[in-house]
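# A structural walkthrough
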Amino acid sequence: MRKLFMVIVIVLLISGCVKEKDATSETKGEPDQTSEQENGTEATDTAQGEEEVDAEKAKSELGDLEVKLSGEAIIEEDQIRIEGESNLLPGSSIYSSGVTDGGFASSTFIDTAEVQEDGSFSFEFSGISTSTTVKLNLYTNNQTKEHYGENLEKATGPQVYVTDTHGAYEVKAEFYIDADQPMPYTIPIEIPQWQEKPDDYGEPEVWMEAEVDSDHEYLYFHGETNLVEGTRIGGNLRKDSGIIDAFSFGFTRINPDGTFELRVPYYKLQKGMYMPIRFEPKNNVWEDVLDTYGEHGEKLKGELVEKNGEDQYVELIVEIDAPDFDPPKDVGLTVEDEEVKIQMPDDLLFDFDESTLKADAKETLDDVMKDLQKLDENTEIHINGHTDNVGDPDYNLNLSKERAGAVWAYLEKSGDVTGLDVQIEGFGDTKPIASNKEEDGQERNRRVEIVINPK
């Protein structure tokens with residue numbers, strides 16, 4: 001009996017140990033919901049704490065003399081909204097203005113907004129049909145003059161710029177609205193980061209250099225120079241013959257670090273084109289610029305200096321790398337990286353509301369075909385039809401397909417282009433290259449494009 005009793009005790013002890021072990025295993029294998037909830041609460045509290053710290057830090061910076069202006073612009077068809085943030089003194093005013101690509105002031109963007117207690121500000125404008133550079137300035141009134149100086153001379157940071165008057169400054173942020181880009185879209189308003197000025201900044205012996213790239217609307221010149229901040233430079237795109245290319249011009253001013261960004265619209269690239277980027281003192285009225293280089297540029301020196309009577313000016317010639325194509329008159333040629341677009345207005349090829357080629361359209365396509373025949377076998381090309389947004393969308397889509405098909409049918413029948421990898425498509429009004437709000441924009445949108453090496 002004693003032996004039996006001992007056996008039973010041992011079995012019970014072993015069973016208890018196993019159960020305890022199983023319970024422990026189950027506890028380890030299953031997540032502890034209480035711990036997870038506690039961790040989640042801690043993470044939320046940490047995030048909220050960080051936000052509160054950031055908010056307190058931003059509030060403490062309000063009125064700091066190193067000024068900051070940022071935010072975003074929301075671009076829609078019928079409305080443009082600016083949601084801004086800053087460290088400006090609450091109660092200060094922001095003045096907005098705009099200049100179109102043609103150089104005209106835009107009344108759409110003339111307005112003021114008050115900086116709120118948290119440094120934020122906002123604007124609302126009606127929609128636009130013309131691409132515009134928008135500028136946001138700290139408005140100088142008694143409050144800002146007392147805090148930032150009579151001429152904002154106490155303000156510091158990368159958003160403080162010289163002006164046309166010696167010793168006077170402006171605090172600003174700028175951004176560019178491309179009215180031809182499909183809407184809606186958002187533009188960040190960012191604080192620039194300038195590099196160190198050149199060692200010979202402001203010296204009379206001037207140098208300038210620039211590189212160029214492009215998209216299907218603009219040539220972009222990215223450059224550096226030792227010209228002083230605010231110097232106005234630019235010019236007009238020229239053909240190989242030296243004749244200016246109509247409407248292809250642009251001007252800009254030198255940044256605080258000697259860099260510049262120059263944007264020039266274009267429609268047709270041709271071999272031999274070049275861009276003369278000029279600085280002409282006689283066309284500059286800024287006091288510091290004229291004081292540095294002379295009213296007639298008489299203080300200018302260097303290899304880029306040219307003479308015109310009593311005037312001296314600086315000119316940098318930038319050659320444009322264009323495809324070896326020769327598109328006919330009224331046919332556009334644009335380039336973005338390796339992608340080339342040959343753009344043919346619809347009225348060059350078709351009568352109104354028709355998809356049968358006009359008799360004289362064949363001469364245009366014969367010239368285009370000469371360029372296509374230069375392409376390597378199996379080069380990918382797309383032939384795309386486009387319309388404006390007037391009329392029924394389904395009808396426009398079908399019309400655009402028929403027109404693209406008519407162009408390819410003629411090319412295939414009349415020339416040796418069968419080795420190309422061709423795709424034909426119609427897009428109707430879904431891919432505009434200009435605003436459909438105005439007749440000029442609608443005219444640009446009605447087109448057939450031949451896209452070589454499509455992205």
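This section reports on the structure supplied with the text. (Residues numbered from 1 in each chain as written. Predicted model: local features only at pLDDT ≥ 70, side-chain atom pairs only at ≥ 80, totals over all residues. Heavy atoms only, no water.)

### Here's the deal with the overall build of the protein
- Of regular secondary structure, the protein possesses eight helices and 22 strands.
- Put simply, the protein has 455 residues, and 43% of those count as buried.
- A fraction of 68% describes how many contacts in the protein between residues 6 or more apart in sequence connect residues 24 or more apart.
- Surface accessibility of the protein: about 25400 Å² in total, with carbon and sulfur atoms responsible for 46%. (Helix = DSSP H or I, 4+ residues; strand = E, 2+ residues; numbered from the N terminus. Buried < 20%, exposed > 50% of the residue type's maximum accessible area, 1.4 Å probe, protein only. Contact = heavy atoms within 4.5 Å. Areas by Shrake-Rupley, 256 points an atom, 1.4 Å probe, with all protein chains shown as cover.)

### Overview of a negative patch on the surface
- On the surface, Asp330, Asp347, Glu438, Glu439, Asp440 and Glu443 cluster together into a patch of negative charge.
- Judged by relative accessible area, aspartate 440 falls into the exposed class, the value being 59%. (Patch = residues over 30% accessible without salt bridge, like charges linked within 9 Å, V, L, I, M, F, W, Y side chains within 5 Å. Salt bridge = Lys/Arg side-chain N within 4 Å of Asp/Glu carboxyl O. Lys, Arg positive; Asp, Glu negative; His and termini not counted. Charge placed at Lys NZ, Arg CZ, Asp CG, Glu CD.)

### A closer look at the sheet that holds strand β10 (residues 208–214)
- What the three strands build is an open sheet, ordered β10-β11-β14; its pairing is antiparallel. Lying at the two open borders of the sheet, with one neighbouring strand each, are β10 and β14 (259–265). Across the sheet, the mean angle from the axis of one strand to that of its neighbour is 20 degrees, orientation sign disregarded.
- Taken together, the seven bridges between strand β11 (residues 218–225) and β14 define a ladder with antiparallel strand orientation. Note on β14: the bridge partner recorded for glycine 223 is phenylalanine 260. (Pairing = 2+ DSSP bridges. Axes fitted to C-alpha atoms, helices over the stretch in contact; angles between N-to-C directions.)

### Here's the deal with the nonpolar core
- Within the largest apolar cluster, 59 residues are counted, with the highest numbers of intra-cluster contacts made by Leu372 and Leu411.
- If one sorts the elements of this core by residue count, helix α7 (residues 393–414) sits on top with six residues.
- With sequence-adjacent residues up to four places away left out, leucine 411 is seen in contact with Leu365, Met369, Leu372, Ile383, Val417 and Ile450.
- Of all hydrophobic cores here, the second largest spans 31 residues; its members include Val67, Leu69, Phe175 and Met183. (Core = buried A, V, L, I, M, F, W, Y, C linked by side-chain atoms within 4.5 Å.)

### Section: the sheet that holds strand β6 (residues 132–138)
- Ordered by their spatial adjacency, five strands build an open sheet running β4-β3-β6-β8-β7, and the pairing between neighbours is antiparallel. Lying at the two open borders of the sheet, with one neighbouring strand each, are β4 (111–114) and β7 (160–162). Going across the sheet, the axis of each strand differs from the next one's by a mean of 40 degrees, ignoring polarity.
- Here seven bridges tie strand β3 (residues 93–100) to β6, and the two strands are oriented antiparallel to one another. Within β6, the residue paired with tyrosine 95 across the bridge is asparagine 137.

### A word on the pattern of salt bridges
- On inspection of all chains with the given rule, the structure shows 20 salt bridges.
- Glutamate 170 is paired through a salt bridge with lysine 172; the nearest N and O atoms lie 3.5 Å apart. Accessibility assignment for this pair places glutamate 170 and lysine 172 in one class, buried.
- The closest approach of N and O atoms between aspartate 346 and arginine 446, which form a salt bridge, is 3.7 Å. With a gap of 100 residues between them, aspartate 346 in helix α5 (residues 346–349) and arginine 446 in the loop between α8 (439–445) and β22 (447–452) connect regions that are remote in the sequence.
- Each of Lys135, Glu170, Lys172 and Glu174 takes part in salt bridges that share partners, so that together they form one network.

### A short note on unusual backbone geometry
- Omega for the peptide link from methionine 183 to proline 184 comes to 5 degrees, which places this bond in the cis form.
- Mapped onto the secondary structure, proline 184 falls in the loop between β8 (169–177) and β9 (185–189).
- In the Ramachandran plot, aspartate 353 falls in the positive-phi region, its phi being about 65 degrees despite a non-glycine side chain.
- Relative to the elements of secondary structure, aspartate 353 occurs in the loop between α5 and α6 (361–372).

### Focus: α7
- With 22 residues, α7 extends 32 Å between its outermost C-alpha atoms, agreeing within 8% with the 32 Å of an ideal straight helix rising 1.5 Å per residue.
- By the burial criterion, the buried members of α7 are Asn396, Leu399, Ser400, Arg403, Ala404, Ala406, Val407, Trp408, Tyr410 and Leu411.
- The inward-facing, buried residues of α7 abut β19 (339–345), α5, α6, β20 (380–386), β21 (421–426) and β22. (Expected span 1.5 Å × (residues − 1).)

### Details of the packing of aromatic side chains
- Counted according to the given criterion, the structure contains seven aromatic pairs.
- Geometrically, the ring pair formed by phenylalanine 123 and phenylalanine 125 is stacked, given 5.5 Å between the ring centres and 15 degrees between the ring planes. Here the two residues phenylalanine 123 and phenylalanine 125 agree in accessibility, since each one is buried.
- Put simply, the rings of Phe109, Phe121, Phe123 and Phe125 touch in pairs and so form one group of aromatic residues. (Phe/Tyr/Trp six-rings, centres within 6.5 Å; stacked < 30°, edge-to-face > 60°.)

### A look at α6
- Spanning 12 residues, α6 covers 16 Å between terminal C-alpha atoms, matching the ideal 16 Å at 1.5 Å per step.
- As for α6, its buried residues are in contact with β19, α5, α7 and β22.

### Some remarks on empty space enclosed by the protein
- Applying the stated criterion across every chain, the model contains one cavity of 30 Å³ or more.
- Its boundaries defined by the atoms lining it, the largest cavity holds a volume of some 50 Å³.
- What lines the largest cavity is Glu280, Pro281, Lys282, Glu295, His296, Asn308, Asp311, Gln312 and Tyr313.
- Looking at the lining of the largest cavity element by element, the count peaks at three residues for strand β17 (residues 311–319). (1 Å grid on protein atoms, 1.4 Å probe; cavity = no way out; pocket = protein on both sides within 12 Å on 5 of 7 lines; lining within 4 Å. Points joined across faces, edges and corners; volume = space filled by probe spheres on them.)

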